[in-house]
Amino acid sequence: MAMHKMTERDLNEAYAGESMAFMKYNIWADKADQEGRPQIARLFRAIAQAEKVHATNHWRTLGMVQGTKDNLQHAIDGENYEVDEMYPAFKAVAELQEEKGAVRSTYWALETEKVHAQMYAKAMGSVEQGKDASFGEIWVCPVCGYTGEGEAPDLCPVCNAKKATFKKF
Ligand code: FE2
Ligand code: FE2
Ligand code: FE2
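We now turn to the structure provided with this report. If you're wondering where the values come from, they're calculated on a predicted model, not measured in any experiment.

### What about the layout of surface pockets?
Working step 1: Taken as a whole, the largest pocket holds about 540 Å³ of empty space.
Working step 2: In terms of lining, the largest pocket is formed by 14 residues, of which the most central are Tyr15, Trp59, Asn71, Ala75 and Tyr120.
Working step 3: Counting only elements with at least two residues in the lining of the largest pocket, the list comes to α1 (5-34) and α3 (68-96).
Working step 4: In terms of residue class, the lining of the largest pocket is built from 10 nonpolar, four polar and no charged.
Working step 5: Taken as a whole, the second largest pocket encloses approximately 300 Å³ of empty space.
Working step 6: Around the second largest pocket, the lining residues are Val140, Cys141, Pro142, Val143, Cys144, Gly145, Lys167 and Phe169.
Working step 7: Taken together, the residues of the lining of the second largest pocket break down into six nonpolar, one polar and one charged.

### Here's the deal with the coordination of the iron ion (ligand 1)
Working step 1: Around the iron ion (ligand 1), the donor atoms from the protein are Glu18 (OE), Glu18 (OE), Glu51 (OE) and His54 (ND1), and they sit 2.1 to 2.5 Å away.
Working step 2: One can describe the donor arrangement at the iron ion (ligand 1) as irregular, given that its four donor atoms subtend angles of 54 to 136° at the metal.
Working step 3: Of note, the donors binding the iron ion (ligand 1) are all from one chain and are spaced E-x32-E-x2-H. Taken together, the residues glutamate 18 in helix α1 and histidine 54 in helix α2 (residues 38-61) connect sequence positions 36 residues apart.

### A closer look at the coordination of the iron ion (ligand 2)
When a metal holds four donors in a tetrahedron, each ideal angle between them is 109.5 degrees; when it holds six in an octahedron, the ideal angles are 90 or 180 degrees.
Working step 1: Donor atoms from the polypeptide that bind the iron ion (ligand 2) are Glu79 (OE), Glu79 (OE), Glu113 (OE) and His116 (ND1), placed at 2.0 to 2.4 Å.
Working step 2: Each of the four donor atoms bound to the iron ion (ligand 2) contributes to angles spanning 55 to 139°, and the resulting shape is irregular.
Working step 3: All donors of the iron ion (ligand 2) come from a single chain, and their spacing in sequence reads E-x33-E-x2-H. With glutamate 79 in helix α3 and glutamate 113 in helix α4 (residues 100-128), this residue pair connects regions lying 34 residues apart in the sequence. Neither glutamate 79 nor glutamate 113 differs from the other in exposure class; each is buried.

### Some thoughts on the nonpolar core
Working step 1: Membership of the largest hydrophobic core is limited to 12 residues, which are Trp108, Val115, Trp139, Cys141, Cys144, Tyr146, Ala152, Cys156, Val158, Cys159, Ala161 and Phe166.
Working step 2: The contacts of cysteine 156, once residues within four sequence positions are left out, are Cys141, Cys144, Tyr146, Ala161 and Phe166.
Working step 3: If you look at the next biggest cluster of nonpolar residues, it comprises five residues, including Val83, Tyr87, Ala109 and Leu110.

### Comments concerning the packing of α1 against α2
Working step 1: Interhelical geometry of α1 versus α2 gives an angle of 160° and a closest axis separation of 8 Å. Accordingly, the angle class assigned to the pair α1 and α2 is roughly antiparallel. When you trace α1 past α2, the crossing you get is left-handed.

### Overview of the packing of α3 against α4
Working step 1: One can describe the packing of α3 onto α4 by two numbers: an axis separation of 8 Å at closest approach and a directional angle of 160°. Relative to α4, α3 is oriented roughly antiparallel. In this structure, the crossing between α3 and α4 has a hand that is left-handed.
Working step 2: When grouped by side-chain class, the residues that make up the contact of α3 with α4 number 19 nonpolar, five polar and eight charged.

### What about the packing of aromatic side chains?
Working step 1: Applying the stated criterion across every chain, the model contains seven aromatic pairs.
Working step 2: Between tyrosine 25 and tryptophan 28 the ring centres are 6.3 Å apart and the planes differ by 40°, which places this aromatic pair in the tilted class. Here the residue tyrosine 25 and the residue tryptophan 28 both occupy positions in helix α1, the gap between them amounting to three residues, near one helical turn.
Working step 3: Connected via pairs of aromatic rings, a cluster forms that spans Tyr25, Trp28 and Phe44.

Reading the values: the criteria
- Residues numbered from 1 in each chain as written.
- Chains lettered and ligands numbered in written order.
- Predicted model: local features only at pLDDT ≥ 70, side-chain atom pairs only at ≥ 80, totals over all residues.
- Heavy atoms only, no water.
- 1 Å grid on protein atoms, 1.4 Å probe; cavity = no way out; pocket = protein on both sides within 12 Å on 5 of 7 lines; lining within 4 Å.
- Points joined across faces, edges and corners; volume = space filled by probe spheres on them.
- Helix = DSSP H or I, 4+ residues; strand = E, 2+ residues; numbered from the N terminus.
- Nonpolar A, V, L, I, M, F, W, Y, C, P; charged D, E, K, R; others polar.
- Donors = N, O, S within 2.8 Å, 3.2 Å for Na, K, Ca; no water.
- Tetrahedral: all angles 85-135°; square planar, octahedral: opposite > 155°, others 65-115°.
- Buried < 20%, exposed > 50% of the residue type's maximum accessible area, 1.4 Å probe, protein only.
- Core = buried A, V, L, I, M, F, W, Y, C linked by side-chain atoms within 4.5 Å.
- Contact = heavy atoms within 4.5 Å.
- Axes fitted to C-alpha atoms, helices over the stretch in contact; angles between N-to-C directions.
- Parallel < 35°, antiparallel > 145°, perpendicular 65-115°, else oblique.
- Left-handed = near helix turned anticlockwise from the far one by under 90°.
- Phe/Tyr/Trp six-rings, centres within 6.5 Å; stacked < 30°, edge-to-face > 60°.

Taken by themselves, the reported measurements are silent on function.
Okay, structure coming up:
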(Lines give C-alpha, C1' and ligand atoms only; values in the text may rest on other atoms or scores of the structure.)
(Ligands and ions follow the chains in the order given, each with its own letter.)
Protein backbone atom coordinates (compact mmCIF):
# COMPACT_ATOMS: atom_id res chain seq x y z
CA MET A 1 0.00 0.00 0.00
CA ALA A 2 1.24 3.45 -0.85
CA MET A 3 2.19 5.63 2.10
CA HIS A 4 -0.40 8.13 3.33
CA LYS A 5 0.27 11.60 1.85
CA MET A 6 0.56 13.29 5.24
CA THR A 7 3.05 10.74 6.54
CA GLU A 8 5.05 11.04 3.32
CA ARG A 9 5.14 14.83 3.61
CA ASP A 10 6.16 14.63 7.28
CA LEU A 11 8.96 12.18 6.55
CA ASN A 12 10.27 14.37 3.71
CA GLU A 13 10.27 17.37 6.04
CA ALA A 14 12.01 15.37 8.78
CA TYR A 15 14.56 14.08 6.26
CA ALA A 16 15.30 17.66 5.15
CA GLY A 17 15.66 18.86 8.73
CA GLU A 18 17.94 16.00 9.79
CA SER A 19 20.02 16.48 6.63
CA MET A 20 20.52 20.14 7.41
CA ALA A 21 21.40 19.31 11.02
CA PHE A 22 24.04 16.83 9.81
CA MET A 23 25.57 19.47 7.59
CA LYS A 24 25.51 22.37 9.99
CA TYR A 25 26.95 20.33 12.87
CA ASN A 26 29.84 19.22 10.65
CA ILE A 27 30.47 22.81 9.53
CA TRP A 28 30.34 24.00 13.15
CA ALA A 29 32.71 21.16 14.14
CA ASP A 30 35.25 22.52 11.64
CA LYS A 31 34.77 25.98 13.18
CA ALA A 32 35.26 24.61 16.71
CA ASP A 33 38.51 22.96 15.53
CA GLN A 34 39.67 26.27 14.09
CA GLU A 35 38.94 27.90 17.45
CA GLY A 36 41.04 25.26 19.24
CA ARG A 37 38.05 23.52 20.82
CA PRO A 38 38.51 19.88 19.71
CA GLN A 39 36.16 18.48 22.37
CA ILE A 40 33.30 20.59 21.11
CA ALA A 41 34.26 19.66 17.53
CA ARG A 42 34.03 15.99 18.54
CA LEU A 43 30.61 16.51 20.10
CA PHE A 44 29.33 18.25 16.95
CA ARG A 45 30.64 15.39 14.77
CA ALA A 46 29.13 12.67 16.97
CA ILE A 47 25.72 14.29 17.02
CA ALA A 48 25.95 14.95 13.27
CA GLN A 49 26.43 11.20 12.85
CA ALA A 50 23.24 10.53 14.83
CA GLU A 51 21.34 12.98 12.62
CA LYS A 52 22.64 11.09 9.57
CA VAL A 53 21.18 7.90 11.06
CA HIS A 54 17.81 9.65 11.46
CA ALA A 55 17.98 11.04 7.90
CA THR A 56 18.89 7.59 6.56
CA ASN A 57 15.97 5.95 8.37
CA HIS A 58 13.49 8.53 7.04
CA TRP A 59 14.93 8.34 3.51
CA ARG A 60 14.84 4.54 3.52
CA THR A 61 11.26 4.54 4.80
CA LEU A 62 10.38 6.84 1.89
CA GLY A 63 11.77 4.19 -0.48
CA MET A 64 14.63 6.40 -1.62
CA VAL A 65 17.52 4.04 -0.91
CA GLN A 66 17.51 2.05 -4.12
CA GLY A 67 20.20 0.36 -6.20
CA THR A 68 23.16 2.39 -7.44
CA LYS A 69 21.78 2.67 -10.96
CA ASP A 70 18.57 4.30 -9.70
CA ASN A 71 20.51 6.40 -7.20
CA LEU A 72 22.83 7.66 -9.96
CA GLN A 73 19.84 8.63 -12.08
CA HIS A 74 18.35 10.63 -9.19
CA ALA A 75 21.77 12.24 -8.65
CA ILE A 76 22.10 13.16 -12.35
CA ASP A 77 18.56 14.60 -12.40
CA GLY A 78 19.28 16.65 -9.27
CA GLU A 79 22.59 18.06 -10.52
CA ASN A 80 21.06 18.89 -13.92
CA TYR A 81 18.14 20.69 -12.27
CA GLU A 82 20.63 22.79 -10.31
CA VAL A 83 22.63 23.56 -13.47
CA ASP A 84 19.70 24.23 -15.82
CA GLU A 85 17.25 25.98 -13.54
CA MET A 86 18.04 26.48 -9.88
CA TYR A 87 21.44 28.14 -9.74
CA PRO A 88 21.03 30.30 -12.88
CA ALA A 89 17.79 31.65 -11.41
CA PHE A 90 19.19 32.09 -7.87
CA LYS A 91 22.28 33.82 -9.28
CA ALA A 92 20.15 36.16 -11.42
CA VAL A 93 18.15 37.21 -8.35
CA ALA A 94 21.35 37.76 -6.36
CA GLU A 95 22.72 39.95 -9.19
CA LEU A 96 19.48 41.91 -9.39
CA GLN A 97 19.64 42.55 -5.66
CA GLU A 98 23.40 43.27 -5.75
CA GLU A 99 24.12 40.59 -3.15
CA LYS A 100 27.80 40.02 -3.94
CA GLY A 101 28.31 37.12 -1.52
CA ALA A 102 25.29 35.27 -2.88
CA VAL A 103 26.36 35.92 -6.49
CA ARG A 104 29.72 34.36 -5.69
CA SER A 105 28.45 31.33 -3.78
CA THR A 106 25.78 30.53 -6.38
CA TYR A 107 28.33 30.95 -9.22
CA TRP A 108 30.76 28.58 -7.47
CA ALA A 109 28.02 26.01 -7.00
CA LEU A 110 26.71 26.37 -10.56
CA GLU A 111 30.14 25.78 -12.10
CA THR A 112 30.74 22.79 -9.83
CA GLU A 113 27.38 21.08 -10.38
CA LYS A 114 28.15 20.99 -14.12
CA VAL A 115 31.09 18.65 -13.54
CA HIS A 116 29.17 16.65 -10.94
CA ALA A 117 26.51 15.88 -13.56
CA GLN A 118 29.25 14.80 -16.02
CA MET A 119 31.02 12.61 -13.48
CA TYR A 120 27.79 10.90 -12.47
CA ALA A 121 26.96 10.39 -16.14
CA LYS A 122 30.34 8.71 -16.62
CA ALA A 123 29.62 6.44 -13.65
CA MET A 124 26.20 5.63 -15.11
CA GLY A 125 27.84 4.55 -18.37
CA SER A 126 29.87 1.96 -16.49
CA VAL A 127 26.91 0.75 -14.42
CA GLU A 128 24.90 0.29 -17.63
CA GLN A 129 27.65 -2.06 -18.79
CA GLY A 130 27.32 -3.99 -15.53
CA LYS A 131 30.57 -2.66 -14.06
CA ASP A 132 31.87 -0.43 -11.33
CA ALA A 133 33.30 2.82 -12.66
CA SER A 134 37.00 3.58 -13.06
CA PHE A 135 38.16 6.98 -11.82
CA GLY A 136 41.57 8.52 -11.31
CA GLU A 137 42.14 10.67 -8.26
CA ILE A 138 39.11 12.86 -7.55
CA TRP A 139 39.90 16.25 -6.00
CA VAL A 140 37.72 18.93 -4.43
CA CYS A 141 38.57 22.60 -3.97
CA PRO A 142 37.97 23.54 -0.30
CA VAL A 143 37.04 27.12 -1.23
CA CYS A 144 34.52 26.78 -4.06
CA GLY A 145 33.85 23.03 -4.14
CA TYR A 146 35.01 22.65 -7.73
CA THR A 147 35.60 18.98 -8.40
CA GLY A 148 37.82 17.21 -10.89
CA GLU A 149 39.29 13.85 -11.77
CA GLY A 150 42.88 12.94 -12.59
CA GLU A 151 45.81 15.36 -12.55
CA ALA A 152 44.75 18.51 -10.66
CA PRO A 153 45.58 21.94 -12.13
CA ASP A 154 47.99 24.21 -10.18
CA LEU A 155 45.13 26.61 -9.48
CA CYS A 156 41.40 25.96 -9.15
CA PRO A 157 39.85 26.91 -12.52
CA VAL A 158 36.88 28.51 -10.75
CA CYS A 159 38.33 30.34 -7.73
CA ASN A 160 42.16 30.20 -8.17
CA ALA A 161 42.78 28.35 -4.89
CA LYS A 162 46.09 26.47 -4.81
CA LYS A 163 46.33 22.79 -5.74
CA ALA A 164 48.02 21.96 -2.40
CA THR A 165 44.75 22.77 -0.58
CA PHE A 166 42.60 20.39 -2.61
CA LYS A 167 41.07 17.45 -0.79
CA LYS A 168 41.69 14.09 -2.53
CA PHE A 169 39.42 11.09 -2.77
FE1 FE2 B 1 17.82 13.85 14.75
FE1 FE2 C 1 26.63 18.79 -6.89
FE1 FE2 D 1 37.95 26.57 -6.14
